[in-house]
Amino acid sequence: MTIRVVLADDHPVVRAGLAALLTSLPGIEVVGVASTGREAVREVITSHPDVAVLDLQMPDLDGFAATRELARSAPDTAVLVLTMFEDDDSVFAAMRAGARGYLVKGAEQEEIARAIRAVAAGEAIFGPGVARRVLTFFSAPPPADDPFPELTTRERQILDLIAAGLSNPAIADRLSLASKTVANNVSTIFTKLGIADRSTAIIQARNAGLGTGAVPKDG
């Protein structure tokens, strides 16, 4: 049986090279390509592929949000993340969003082919380095009294600074992040916690003991 694949990556050279690679593999057909997360969602909904291979860092809609949208609107399509990021936050956020597999760019052709076939068959698969991180995470004892288990480490860090009274620009400065990145994280935090405004976030965070260790900066 031929496995039908939609491929999404914002770098044209990477996208073209990966499309050529996948097309050369027996039993795999590339039925659509996309350069943004929204294009990827549209391609999947239109083409009904077996697998969507997604980068995480894409304009318009990043890979995490695209994965969540596909889990909702195209649950029969398995998402395989292929990205250069292998930090814990990215790996676990992608899996929580609904990805079935996670590979780091630079994976061998055989590894990519095996991962596509595995997720198409309903399995979960990780690259070797990612697999070690996942096993380490699940073998470690759970953190005690985590008040916001649905948040990533970065999101909890930002919520802690919100609770300390810092504005988005001040948080961006403190964490050496772009202001847009902080704003996107704040929006995600509000969505995950089911809250609508900053004051509610501050109250919830302070009730959970956050906001006590940061010294606010002006801005």
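That block above? That's the structure.
Figured I'd write up the structure that's included with this text. Because the structure is a prediction, the values reported are computed rather than measured.

1. Structural notes on the environment of Arg-198
Phase 1: Mapped onto the secondary structure, Arg-198 falls in helix H10 (residues 198-207).
Phase 2: Measuring from C-alpha to C-alpha, the distance between Arg-198 and Pro-149 comes to 19 Å, with 49 residues separating the pair along the chain.
Phase 3: The contacts of Arg-198, once residues within four sequence positions are left out, are Ile-162, Leu-166, Ser-167, Asn-168, Ile-171, Val-186 and Phe-190.
Phase 4: Polar side-chain contacts of Arg-198 include one of 2.9 Å to the side chain of Asn-168.

2. A word on the pattern of salt bridges
Phase 1: Under the counting rule described, the total for this entry stands at five salt bridges.
Phase 2: Where Asp-9 meets Lys-105, a salt bridge forms, and the shortest distance between an N and an O atom there is 2.7 Å. One end of the pair, Asp-9, is in the loop between strand E1 (3-8) and helix H1 (12-24); the other, Lys-105, is in the loop between strand E5 (101-104) and helix H5 (109-120), and 96 residues separate them in sequence.
Phase 3: With a relative accessible area of 2%, Asp-9 lands in the buried category.
Phase 4: Judged by its relative accessible area of 28%, Lys-105 is partly exposed.
Phase 5: Of the charged contacts in the structure, one is a salt bridge between Glu-155 and Lys-192, with a shortest N-O distance of 2.8 Å. In this pair, Glu-155 is assigned in helix H7 (residues 153-163) and Lys-192 in helix H9 (residues 179-193), connecting sequence segments 37 residues apart.
Phase 6: Each of Asp-9, Asp-55 and Lys-105 takes part in salt bridges that share partners, so that together they form one network.

3. A closer look at unusual backbone geometry
Phase 1: The backbone of His-48 shows a phi angle near 55 degrees, a positive value even though the residue is not glycine.
Phase 2: With respect to the helices, strands and loops of the structure, His-48 is situated in the loop between helix H2 (37-47) and strand E3 (51-54).
Phase 3: Not every positive phi belongs to a glycine, and Ser-176 is a case in point at roughly 55 degrees.
Phase 4: You can call Ser-176 exposed: its relative accessible area is 66%.

4. As for the sheet that holds strand E4 (residues 78-83)
Phase 1: Taken in spatial order, the six strands line up as E2-E1-E3-E4-E5-E6 in an open sheet, and their pairing is parallel. Each edge of the open sheet carries a strand with a single partner, namely strand E2 (28-34) and strand E6 (125-126).
Phase 2: The sheet contact formed by E1 and E2 spans six bridges and is parallel. Counted as the bridge partner of Ala-8 is Ala-34 from E2.
Phase 3: Taken strand by strand, H5 contacts E1, E2, E3, E4, E5 and E6, and its axis lies near 155 degrees from that of E4.

5. A short note on the pairing of E5
Phase 1: Taken together, the four bridges between E4 and E5 define a ladder with parallel strand orientation. Residue pairing for E5: Val-81 is matched across the bridge by Tyr-102.
Phase 2: Of the crossover connections in this fold, the one passing from E4 over helix H4 (residues 88-97) to the parallel E5 is right-handed.
Phase 3: Inspection of the sheet shows E5 paired to E6 by two bridges, in the parallel sense. By the bridge assignment, Tyr-102 is partnered in E6 with Phe-126.

Conventions and cut-offs
Residues numbered from 1 in each chain as written. Predicted model: local features only at pLDDT ≥ 70, side-chain atom pairs only at ≥ 80, totals over all residues. Heavy atoms only, no water. Helix = DSSP H or I, 4+ residues; strand = E, 2+ residues; numbered from the N terminus. Contact = heavy atoms within 4.5 Å. Polar contact = N/O pair within 3.5 Å; in protein donor to acceptor, adjacent residues only side chain to side chain. Salt bridge = Lys/Arg side-chain N within 4 Å of Asp/Glu carboxyl O. Buried < 20%, exposed > 50% of the residue type's maximum accessible area, 1.4 Å probe, protein only. Pairing = 2+ DSSP bridges. Axes fitted to C-alpha atoms, helices over the stretch in contact; angles between N-to-C directions. Right-handed = clockwise from strand over helix to strand, strands pointing away.

Note that all results are geometric; they support no functional claim without further evidence.
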